[in-house]
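Spelled out, the chains give:
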Amino acid sequence: MDDIDGMFSHLLGEIDSLSQSLQPAELSQDSQRETTFSIGFTDLNESLNELEDHDLDALVADLGSELASEEPIRTEPCAVIQESELEAALPPPPNRIQSPRNEPQTKTDKIRLALEKLKEAKVRKLIIKVMLSDGGFKTLMVDERQTVREVLDKLFEKTHCDRGVDWSLSETNPELQIERSFEDHEHLVELLSTWSRHSENQIHFVSRPQKYVMFTDPQLFYMWKMKKRCLSEVNHQARELLIKEHFGGSALIVPDLEGMLHLKEDGKKVWKPRYFVLRASGIYFVPKGKSKMSSDLACFVHFEKVNIYTTSNYKQKYRAPTDFCFMLKHPCIQKESPYIKLLCCDDEHTLLLWVNAIRIAKYGKVLYKNYQAAVQRTSNVHVSHKAGDKSNSHIPQTSQRPDPSLTKIADTEDYMVFLQVSKGTSSWSGEC
């Protein structure tokens, strides 16, 4: 009984310490809501100077209309109209010239006006610096209502890139040497509000070919026990069936991923191998001396309050077995903390499986909706481009050859064989 009481007291102490460690971040987040209006710049004045002229004009106009809509309409109890009011309501005589409104003319005037109105705005707005792959950057104004997908659309217009589904907004944390790609449905201002005021974190606009790999190659996650050669032979029809089965039903089916990973011990540069199992609610591990049965599994982390990040150069930083590591932490934790979970994979492919399988478990069908929306927008752009190229329709077009992989797995029965083998329920003796 004393051991149980001691364990319970220790658990309460851990919970209390976690609450205290997160409280300053929450308080600073509330306080910075009033003072922070830019991300990636030394101050707000610098960020406003970096805005293009038409963006600055749009910001001032938007702030003006927002504040005007908030002003209450005053009604006078007295019905008597004063002479001065009547004169103001009448049109000016022909020989009387109206003075123009005191609108800002120079960029300096516009910046001064924007500084005043930003502090009064009801909807929070941020001016952000987005780093580009060529070393340059773009300055954008975003507000708390905009999703990452909407911000990506803005960047497409400014950079004139191909609008492919792989483009992402990513955050980098140089202190922890980590990176995470924001999900398209997330609200960018809310994500950035977890950063400390003087954070050196950056936002990057980059192409990530593996952003939606769980939909372009679902067999990697739902048939992962098979050999890579056999997985590469799964054709388009089989992939569509996999997506329909696991994402199209009433409930999401999470990949049954499991395997040996290396766990970093708290406060030490020591990594110990443990057997981990993925579930919809989180990651579980097999305690020493226990079996892999569900009743014996112990919870390692729940996904509800943590995000997943990839790491950089952790083999040198923490003496990890390899550089293929990932981190699980609360988004408010911006520096080293005992509440950070670090796991290391043996190779890059295993890292790909775990990182994206965790995203499937955490975001579920929302992730699939993001992918569908991205594909739809890309196809709309291609249609508009084709419409603009009608003038070149006289050029003969070569017919496309059918994909040879379509003949490798031609029907549903072959797909079911693959699926059964991946789940270990078939006695099929093929090489896969």
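Calculation criteria
Residues numbered from 1 in each chain as written. Predicted model: local features only at pLDDT ≥ 70, side-chain atom pairs only at ≥ 80, totals over all residues. Heavy atoms only, no water. Helix = DSSP H or I, 4+ residues; strand = E, 2+ residues; numbered from the N terminus. Areas by Shrake-Rupley, 256 points an atom, 1.4 Å probe, with all protein chains shown as cover. Expected span 1.5 Å × (residues − 1). Buried < 20%, exposed > 50% of the residue type's maximum accessible area, 1.4 Å probe, protein only. Polar contact = N/O pair within 3.5 Å; in protein donor to acceptor, adjacent residues only side chain to side chain. Contact = heavy atoms within 4.5 Å. Pairing = 2+ DSSP bridges. Phe/Tyr/Trp six-rings, centres within 6.5 Å; stacked < 30°, edge-to-face > 60°. Lys NZ or Arg CZ within 6 Å of the ring centre and 35° of its normal. Core = buried A, V, L, I, M, F, W, Y, C linked by side-chain atoms within 4.5 Å. Salt bridge = Lys/Arg side-chain N within 4 Å of Asp/Glu carboxyl O. pLDDT = per-residue confidence, 0-100.

Draft legend 1. The overall build of the chain, seen in detail. Along the chain, the regular secondary structure elements total 15 helices and 13 strands. For the chain, the exposed area adds up to about 26,000 Å²; of that, 52% sits on carbon and sulfur atoms.

Draft legend 2. Representation of helix α13 (residues 348–363). With 16 residues, α13 should reach 22 Å at 1.5 Å per residue; the first-to-last C-alpha distance of 23 Å fits that figure. Judged by how many residues are buried, α13 sits mostly within the fold: 12 of 16 residues are covered. The backbone nitrogen of His 349 has a side-chain oxygen 3.2 Å away, supplied by the residue at the start of α13, namely Asp 347. In the stretch just after α13, Gly 364 is the one whose phi turns positive, near 60°.

Draft legend 3. Main features of the side chain of Thr 378. Note that Thr 378 resides in helix α14 (residues 365–388). Polar contacts involving the side chain of Thr 378 include one to the main-chain carbonyl oxygen of Ala 374, which spans 2.9 Å. If sequence neighbours within four positions are ignored, Thr 378 has contacts with Arg 163, Gly 164 and Val 165.

Draft legend 4. Structural context of the environment of Val 130. Residue position: Val 130 is located in strand β2 (residues 125–132). Assessed through its relative accessible area of 0%, Val 130 is described here as buried. Considered as a pair, Val 130 and Leu 155 are 25 residues apart in the sequence and their alpha carbons are 9.0 Å apart. When neighbours within four sequence positions are excluded, Val 130 is seen to be in contact with Gly 136, Phe 137, Lys 138, Leu 140, Leu 155, Leu 169, Ile 203, His 204 and Phe 205.

Draft legend 5. Layout of the pairing of strand β7 (residues 258–264). Counting buried positions along β7 gives 5 out of 7 residues, so the element sits mostly inside the fold. Strand direction decides the pairing type here: β7 and strand β8 (residues 271–278), joined by 7 bridges, are antiparallel. The residue bridging Lys 264 from the neighbouring strand is Trp 271, located in β8. Between the end of β7 and the start of β8, which pair antiparallel, lie 6 residues, with Gly 267 showing a positive phi angle near 70°.

Draft legend 6. Looking closely at the packing of aromatic side chains. Under the definition given, this model contains 12 aromatic pairs. Considering the side-chain rings of Phe 276 and Phe 300, the 5.2 Å spacing of their centres and the 70° angle between planes classify their relative orientation as edge-to-face. With a gap of 24 residues between them, Phe 276 in strand β8 and Phe 300 in strand β10 (residues 298–302) connect regions that are remote in the sequence. Clustering of aromatic rings is evident, with ring pairs tying together Tyr 212, Phe 215, Tyr 222, Phe 247, Tyr 368 and Tyr 371. Looking at Lys 264, its charged tip hangs above the ring of Tyr 318, at a distance of 5.0 Å from the centre.

Draft legend 7. Looking closely at the pairing of strand β11 (residues 307–311). Most of β11 is tucked away, with 4 of its 5 residues classed as buried. Summarising the sheet, strand β5 (residues 178–181) and β11 pair through 2 bridges and their orientation is antiparallel. Its bridge partner being in β11, Ile 178 is matched across the sheet by Thr 311. Looking at chain direction, β11 and strand β12 (residues 325–329) are connected through 4 bridges and run antiparallel. Opposite Tyr 309, over in β12, you have Met 327 as the bridge partner.

Draft legend 8. Looking closely at the nonpolar core. By size, the foremost hydrophobic cluster in this structure holds 48 residues, and its most contacted members are Phe 215, Phe 276, Leu 278, Ile 283, Phe 300, Phe 326 and Trp 354. Residues Leu 132, Trp 167, Leu 169 and Leu 188 belong to the second largest nonpolar core, which totals 22 residues.

Draft legend 9. Quick peek at helix α6 (residues 148–159). An ideal rise of 1.5 Å per residue puts 16 Å on 12 residues; α6 measures up with 16 Å between its terminal C-alpha atoms. Buried within α6 are the following residues: Val 148, Arg 149, Val 151, Leu 152, Asp 153, Leu 155, Phe 156 and Lys 158. Following α6 by one or two positions, His 160 has its phi on the positive side, about 60°.

Draft legend 10. Fine view of the pattern of salt bridges. Scanning the model with the defined rule gives 14 salt bridges in all. Measuring nitrogen to oxygen at the nearest pair gives 2.8 Å for the salt bridge that ties Asp 184 to Lys 211. Of this pair, Asp 184 sits in the loop between β5 and α7 (188–192) while Lys 211 sits in the loop between β6 (202–207) and α8 (213–216), placing them 27 residues apart in sequence. Accessibility assignment for this pair places Asp 184 and Lys 211 in one class, buried.

Draft legend 11. The side chain of His 204, seen in detail. Summarising the element assignment, His 204 is placed in strand β6. Among the polar contacts listed, one links the side chain of His 204 to the side chain of Gln 202, at a separation of 3.2 Å. Beyond its immediate sequence surroundings of up to four residues, His 204 is in contact with Val 130, Met 131, Ser 168, Leu 169, Ser 170 and Thr 172.

Draft legend 12. View of unusual backbone geometry. If you check the backbone angles, Arg 163 has positive phi at about 60° while not being a glycine. The residue Asn 313 is not glycine, and still its phi comes out positive at about 60°. Within the fold, Asn 313 resides in the loop between β11 and α12 (314–317). When its relative accessible area of 35% is taken as the criterion, Asn 313 is described as partly exposed.

Draft legend 13. Molecular detail of the confidence of the model for the chain. On average, residues of the chain carry a pLDDT of 77, and 66% of them reach 70 or more. Segment residues 23–35 is flagged for pLDDT under 50; beyond a separation of four residues in sequence, or across chains, it makes 12 contacts in the model. Note that residues 395–412 has pLDDT below 50 and, in this model, 16 contacts with residues that lie over four places away or in other chains.

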